[in-house]
Amino acid sequence: MKAILRPRWLRGLLAAVLVPAALLWVLDRCFPLPLPDGSGAGTVVLARDGQPLRAFPDRDGVWRYPVTPDQVSPLYVEALLNYEDRWFAHHPGVNPLALARAIGQGLRHGRLVSGGSTLTMQVARILDGTPHTLAGKLRQMARALQLEAHLSKREILTLYLNHAPFGGTVEGVEAASWAYLGKSAQRLSHAEAALLAVLPQAPTRLRPDRNAEAARAYRDKVLERMARLGVWTPAVVADARIETVASRSLQPPMTAALFSERLRTAYPDQRRIASTIDVELQRALEARVGDYLARLPERTSAALLVVDNETLETLAYVGSGAFGSEARLGHVDMVRAWRSPGSTLKPFLYGLALDDGLIHSESLLVDAPQAFGGYRPGNFDMAFNGPVAAAEALRLSLNIPAVDLLDRVTPTRFAARLEHAGLSLRLPRGARPNLSVILGGAGARLEDLVGAYTALNRGGVAGRVRHLRDAPVVDRRLLSEGAAWIVREMLEANPRPGYASGSFDTGSRPRVAWKTGTSYGFRDAWAIGTTRRHTVGVWIGRPDGTPLPGQYGAVTALPLMFQAVDTLPRSAIAPTPRPPPANVASVPICWPLGLAFDPDHPDRCHQKRDAWVLDGVIPPTLAERDATRWSAGLVHLTVDAASGQRLAAGCLREPSRRIDVARWPVAAYPWLSRETRRRAGLPPLAPGCADDGLGQLQGLRIEGIGDGATLARAPNSDQPARVRLRALGAEGEVLWLVDGLLVARSLGSRPIEQPFDTPGPRTITALAADGAYAQVQVRVLR
């Protein structure tokens, strides 16, 4: 009989345990926890110090900055748990003693004195939205038990930290801390921790921005509780009570708006995005750009990017000068917009030419009208400078020397090198890189340009700009270390606009290697500068691509770029100049040959210059193209010792001597002084000698006005003086220049009419395609 009863007893016990457990399991599956799944949740983009740059609300318009308990001040956790739920770590979600106490207090006072809710029950109410009724309280208790069964205490606390209501559309302690206190919840004082701990009890009634006194009274209740429980000392509480409750309006953060939007789009699943932005620098530069933009024509926008050279981290990112402005298309992020880069690619071309051994820093280039197949570029101001050093040509951003170098480097190879280093060029569909690329005939992005310019202070290694602290470093070599150093020296030698070398003490300011650019039609103005620590890029223009007449890089973008540079943090002691790499040396060279100075042959040196050379290579002056009547370089001659006349084969006589004549490129001759022309000229051929083919240029002759003439307008006329000019002896196209400025073109000996409306001395030059030229000097009267 006992053997029969024992199984029945066991079965009853098992049924008493398993049936309720099964019922709870069924209920748990039928009524799952309404835990937030993260879909449609808000996002906050943070600066490098944790300050929010911009907060994006969730699908319900709620502002929430996700945190974990480790990212919140321990003072707040102490205040919260000791005021709301001292036994949070020990109860299963419901505290029977607290409920009994709440019921007893209610019966004794005839009203609700304390709710008896645990922190877990409050989380259940937040998630489930239970009503304040007896049925609602029972449901809340059931949900609390369900939460404890599924989640750890840390997970439940995290839910509270991120979803507790704090008034308005603010939820979570981090969002409330920034909204009401202007600081992270990691850096709370005792008084601030107590204030935030009590706000969720009555978030609308206790909002500090609306009822600061009520918020203070409830805060002090928390402080009294902390002192009574011995969690905080009376002295600490007394000091905390002195603090006022600040009244701040609830304004969501809106710093680096377009940058934040870009990161949110790139990382849609991340709720907290930690960026590299320096928030104080960002705000300062946003203000500078806004003030600067107010002085520019309407519909103008601007973009500015600051990058740390060592880490490639973005420190400031202004995608639009007027975010939200419809007139200025403030929603368009111009940091990553494809625009014509103007002349900003030229430093990389000169660096590549240095690496190829084509030039050194003082190589003789010629800024004169030239044709490159069917392409005939001009300079920005339509003037020409004649013979010019490579460094000066880069600093002046002269177009013809740059096109000449690109023709020798080849556009395809140049574009490929830029692409390899992370600077992509956008060309029309089906097009291949051509010579116009170096003058802006392609698309580029400010972000890529700044990443490439960092190479000048990173030993020739360009890098991809980083926006996140944990983003990998991606860099590629663009130039050799020596070439990057020389190009940086060439650009740093260019003084700031308005500053002459030695006229002001700029020792406390960083040295800046800077370059400007202007696209065709004044659509884009650029200025990019790099210092030892930072690289700054500025773009100004109209996002819709319409022209901005009269606005160009040096006038429009460069002042803002230097304002940004002067805003950057810098050491009180100016850094000493970096020594050149081991393979870079300063060598005296000579024009016109471009070779090292030879003390044994000083006659070959018409101009002596100190040049930076790479790997000991001193390349000669580049060979000319398309000059049919001239051969530059060193010419060895035999001359009559007595008369100095040139001797040729078949008429050699004694005594004779050998001489060397250093010749200039033919296109440079119109800009040479009379003495330099004499030194570069060939002696006349001696009588009786056959033509040796080395005769002087068959010069042109300008008809219509004589050398030394004076021009004046007709009496009683307000029209300028006009002269009809012809170039006699020319075949093909003739270029007409006045003071180096191209003013007209003619064919053969066809005439042109040229007005002269500015008084003073003028130089008129006729230049043929084969190098022949003629010049006259005139004076124009008022």
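Everything below is about the structure shown above.
It should be emphasised that the depicted structure is a prediction, and the values quoted were computed from it without experimental measurement.

Thresholds, definitions, all that
Residues numbered from 1 in each chain as written. Predicted model: local features only at pLDDT ≥ 70, side-chain atom pairs only at ≥ 80, totals over all residues. Heavy atoms only, no water. Disulfide = S-S within 2.5 Å. Helix = DSSP H or I, 4+ residues; strand = E, 2+ residues; numbered from the N terminus. Buried < 20%, exposed > 50% of the residue type's maximum accessible area, 1.4 Å probe, protein only. Salt bridge = Lys/Arg side-chain N within 4 Å of Asp/Glu carboxyl O. Core = buried A, V, L, I, M, F, W, Y, C linked by side-chain atoms within 4.5 Å. Contact = heavy atoms within 4.5 Å. Pairing = 2+ DSSP bridges. Axes fitted to C-alpha atoms, helices over the stretch in contact; angles between N-to-C directions. Patch = residues over 30% accessible without salt bridge, like charges linked within 9 Å, V, L, I, M, F, W, Y side chains within 5 Å. Areas by Shrake-Rupley, 256 points an atom, 1.4 Å probe, with all protein chains shown as cover. Parallel < 35°, antiparallel > 145°, perpendicular 65-115°, else oblique. Left-handed = near helix turned anticlockwise from the far one by under 90°. Nonpolar A, V, L, I, M, F, W, Y, C, P; charged D, E, K, R; others polar. Phe/Tyr/Trp six-rings, centres within 6.5 Å; stacked < 30°, edge-to-face > 60°. Lys, Arg positive; Asp, Glu negative; His and termini not counted. Polar contact = N/O pair within 3.5 Å; in protein donor to acceptor, adjacent residues only side chain to side chain.

Draft legend 1. Here's a closer look at the state of the cysteines. In the structure shown here, the tally under the stated rule is two disulfides. Bridging C590 to C605, the disulfide has an S-S length of 2.1 Å. In this structure, the disulfide formed by C590 and C605 twists by about -85 degrees around the S-S bond and is classed as left-handed. Of this pair, C590 sits in strand β15 (residues 584–591) while C605 sits in the loop between β15 and β16 (607–614), placing them 15 residues apart in sequence. Using a relative accessible area of 6% as the deciding quantity, one classes C590 as buried. What pairs with C651 in a disulfide is C689, and their sulfur atoms sit 1.7 Å apart. In this structure, the disulfide formed by C651 and C689 twists by about 105 degrees around the S-S bond and is classed as right-handed. Here C651 is found in the loop between β18 (646–647) and β19 (656–663), whereas its partner C689 is found in the loop between α20 (674–680) and β20 (701–703), with 38 residues between them in sequence.

Draft legend 2. Structural detail: the pattern of salt bridges. All told, the structure shown has 35 salt bridges when counted by the stated rule. Among the salt bridges present, the one from E489 reaches R511, with a minimum N-O distance of 3.7 Å. On the criterion of sequence distance, the pair formed by E489 in helix α18 (residues 481–492) and R511 in the loop between α18 and β12 (513–518) is long-range, its members being 22 residues apart. Classification of R511 by relative accessible area gives partly exposed; the value is 39%.

Draft legend 3. Looking closely at the nonpolar core. Among the nonpolar cores identified, the biggest contains 95 residues, and L345, F348, Y350, F414, I438 and L478 are the most heavily contacted of them. If we ignore the near neighbours within four places in the chain, the residues touching Y350 are I359, L365, A390, A393, L394, P401, A402, L405, V487 and M490. Ranked by size, the runner-up nonpolar core spans 57 residues in total, among them Y65, L119, L151 and L196.

Draft legend 4. Seen up close, helix α15 (residues 399–409). Along α15, nine of the eleven residues are buried, which leaves the element largely enclosed by surrounding structure. Buried within α15 we find N399, I400, P401, A402, V403, D404, L405, L406 and V409. Just beyond α15, the residue with positive phi is T410, at close to 85 degrees.

Draft legend 5. Highlighting the sheet that holds strand β24 (residues 741–747). If you trace the five strands from one edge of the open sheet to the other, you get β21-β27-β26-β23-β24, paired in mixed fashion. Two strands bound the open sheet, and with one partner strand each, they are β21 (709–711) and β24. Averaged over all adjacent pairs, the angle separating strand axes in this sheet is 30 degrees, with direction ignored.

Draft legend 6. Geometry of the sheet that holds β12. The five strands are arranged β7-β6-β14-β13-β12 in an open sheet whose pairing can be described as antiparallel. Only two strands of the sheet have a single partner each, and these edge strands are β7 (314–318) and β12. The sheet shows a mean angle of 5 degrees between the axes of neighbouring strands, taken without regard to direction. By the bridge criterion, six bridges tie β12 to strand β13 (residues 524–530) in an arrangement that is antiparallel. Opposite K515, over in β13, you have I528 as the bridge partner. Running over the sheet, helix α12 (residues 279–293) touches β6 (301–308), β7 and β14 (534–541) and is turned about 30 degrees from β7. Against the sheet, helix α19 (residues 553–567) engages β6, β12, β13 and β14, with an angle of about 35 degrees to β13.

Draft legend 7. Representation of a nonpolar patch on the surface. A cluster of nonpolar side chains, contributed by M382, L741 and V743, occupies part of the molecular surface with about 200 Å² of accessible area. As for its placement among the helices and strands, L741 is situated in strand β24.

Draft legend 8. Structural detail: the environment of R283. By secondary structure assignment, the location of R283 is in helix α12. Residue R283 is classed as partly exposed on the basis of its relative accessible area of 35%. Sequence spacing of R283 and A256 is 27 residues, and the spatial spacing of their C-alpha atoms is 8.1 Å. When near neighbours in sequence (up to four residues on either side) are disregarded, R283 contacts Q51 and T255.

Draft legend 9. Main features of the packing of helix α13 (residues 346–355) against α15. Two elements in contact, α13 and α15, have axes separated by 10 Å at closest approach and are oriented at 50 degrees. On the basis of their axis angle, the class for α13 and α15 is oblique. For the crossing formed where α13 meets α15, the hand is left-handed. Residues K346, L349, Y350, L352 and A353 of α13 form the contact with α15, whose own contacting residues are N399, P401, A402, L405, L406 and V409. Looking at the contact of α13 with α15 residue by residue, the class counts come to nine nonpolar, one polar and one charged.

Draft legend 10. Spotlight on the packing of aromatic side chains. Evaluated as defined, the whole model comprises five aromatic pairs. Seen from their ring centres, W514 and F562 are 6.0 Å apart, and the 75 degrees between their planes marks the pair as edge-to-face. Taken together, the positions of W514 in strand β12 and F562 in helix α19 put the pair 48 residues apart, joining distant regions of the chain. Taken individually, W514 and F562 each receive the classification buried, so the pair is uniform in this respect. Arranged with centres 6.2 Å apart and planes meeting at 90 degrees, the rings of W591 and W664 form a pair that is edge-to-face. With W591 in strand β15 and W664 in the loop between β19 and α20, the pair connects residues that are 73 residues apart, well separated along the chain. Each member of the pair, W591 as well as W664, carries the same accessibility label: buried.

Draft legend 11. A look at unusual backbone geometry. Note the cis peptide between W591 and P592, where omega equals 10 degrees. Mapped onto the secondary structure, P592 falls in the loop between β15 and β16. At the junction of E654 and P655, the peptide bond is cis and its omega measures out at 0 degrees in the coordinates. Mapped onto the elements of the fold, P655 is located in the loop between β18 and β19. Not every positive phi belongs to a glycine, and F522 is a case in point at roughly 55 degrees. With a relative accessible area of 30%, F522 lands in the partly exposed category. The phi torsion at D615 lies on the positive side, around 55 degrees, for a residue other than glycine. Mapped onto the elements, D615 comes out in the loop between β16 and β17 (633–640).

Draft legend 12. How the structure looks around the pairing of strand β27 (residues 773–780). One ladder, built from three bridges, connects β21 with β27; its direction is parallel. When the sheet's bridge partners are listed, T710 is paired in β27 with R779. Pairing of strand β26 (residues 760–768) with β27 involves eight bridges; the strand directions are antiparallel. Bridging across to β27, R762 finds its partner in V778. Here β26 folds back onto β27 in antiparallel fashion, the turn holding four residues, of which G771 has a positive phi close to 105 degrees.

Draft legend 13. Inspection of the side chain of S260 at higher detail. Within the fold, S260 resides in helix α11 (residues 257–266). In this structure S260 touches V45, L53, R54, F56 and T255, once residues within four positions along its chain are discounted.

Draft legend 14. Structural context of the side chain of R542. As for its position among the elements, R542 is in the loop between β14 and α19. One buried charged residue, R542, forms no salt bridge at all, with the nearest opposite charge on D544 at 5.8 Å. Engagement of the side chain of R542 in a polar contact is seen with the backbone oxygen of E298, the distance being 3.1 Å.

Draft legend 15. Representation of helix α7 (residues 173–181). When you tally the buried positions in α7, you get nine out of nine residues, the bulk of the element. For α7, the full list of buried residues reads V173, E174, A175, A176, S177, W178, A179, Y180 and L181. The positive-phi residue at the C-terminal boundary of α7 is G182, with phi of around 70 degrees.

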